[in-house]
Amino acid sequence: MKTNWLDYTLLALVIIGAVNWGLIGFFRFDLVAFVFGDMTWFSRIIYAVVGIGGLYLLSLFGRIRSVGE
């Protein structure tokens, strides 16, 4: 399986997003809102990019599966 820079970049971004969700779930602390403001344009862009990155990484499952066959 050949991975590119986009895969690694989005994987890191989605991991950071998962840590943020963990902080929200365990401690009710939203790191993105704390750093960039509560639902400012910039924080909304960050949430959107993390979401799109997660959707893109769904294709990673298909690529891993095709290599295994």
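Quick caveat: nothing in here was measured; it's all calculated off a predicted structure.

So, on to the packing of aromatic side chains. Under the definition given, this model contains three aromatic pairs. An angle of 55 degrees between the planes, with centres 6.3 Å apart, marks the rings of phenylalanine 26 and phenylalanine 27 as tilted. Neither phenylalanine 26 nor phenylalanine 27 differs from the other in exposure class; each is exposed. Both rings, one in phenylalanine 29 and one in phenylalanine 34, keep their centres 5.3 Å apart while their planes meet at 50 degrees; by these two values the pair is tilted. The ring of tryptophan 41 carries arginine 44 above its face, with NZ or CZ at 5.2 Å from the centroid.

Taken over all residues, the pLDDT of the protein chain has a mean of 89, while the share at 70 or more is 93%. Averaged pLDDT values for the elements of the protein chain fall to 87 in helix 3 (residues 41–68) and rise to 95 in helix 2 (residues 31–36).

Attention now goes to a nonpolar patch on the surface. Together, Phe26, Phe27, Phe29, Leu31, Phe34, Val35, Phe36 and Phe42 make up a nonpolar patch on the protein surface, roughly 900 Å² of accessible area in all. At the level of elements, helix 1 (5–27) and helix 2 are the ones that each hand at least two residues to the nonpolar patch. No other element matches the four residues that helix 2 contributes to the nonpolar patch. Overall, phenylalanine 42 belongs to the partly exposed group, its relative accessible area being 47%.

Criteria and thresholds
- Residues numbered from 1 in each chain as written.
- Predicted model: local features only at pLDDT ≥ 70, side-chain atom pairs only at ≥ 80, totals over all residues.
- Heavy atoms only, no water.
- Phe/Tyr/Trp six-rings, centres within 6.5 Å; stacked < 30°, edge-to-face > 60°.
- Buried < 20%, exposed > 50% of the residue type's maximum accessible area, 1.4 Å probe, protein only.
- Lys NZ or Arg CZ within 6 Å of the ring centre and 35° of its normal.
- pLDDT = per-residue confidence, 0-100.
- Helix = DSSP H or I, 4+ residues; strand = E, 2+ residues; numbered from the N terminus.
- Patch = residues over 30% accessible without salt bridge, like charges linked within 9 Å, V, L, I, M, F, W, Y side chains within 5 Å.
- Areas by Shrake-Rupley, 256 points an atom, 1.4 Å probe, with all protein chains shown as cover.
- Salt bridge = Lys/Arg side-chain N within 4 Å of Asp/Glu carboxyl O.

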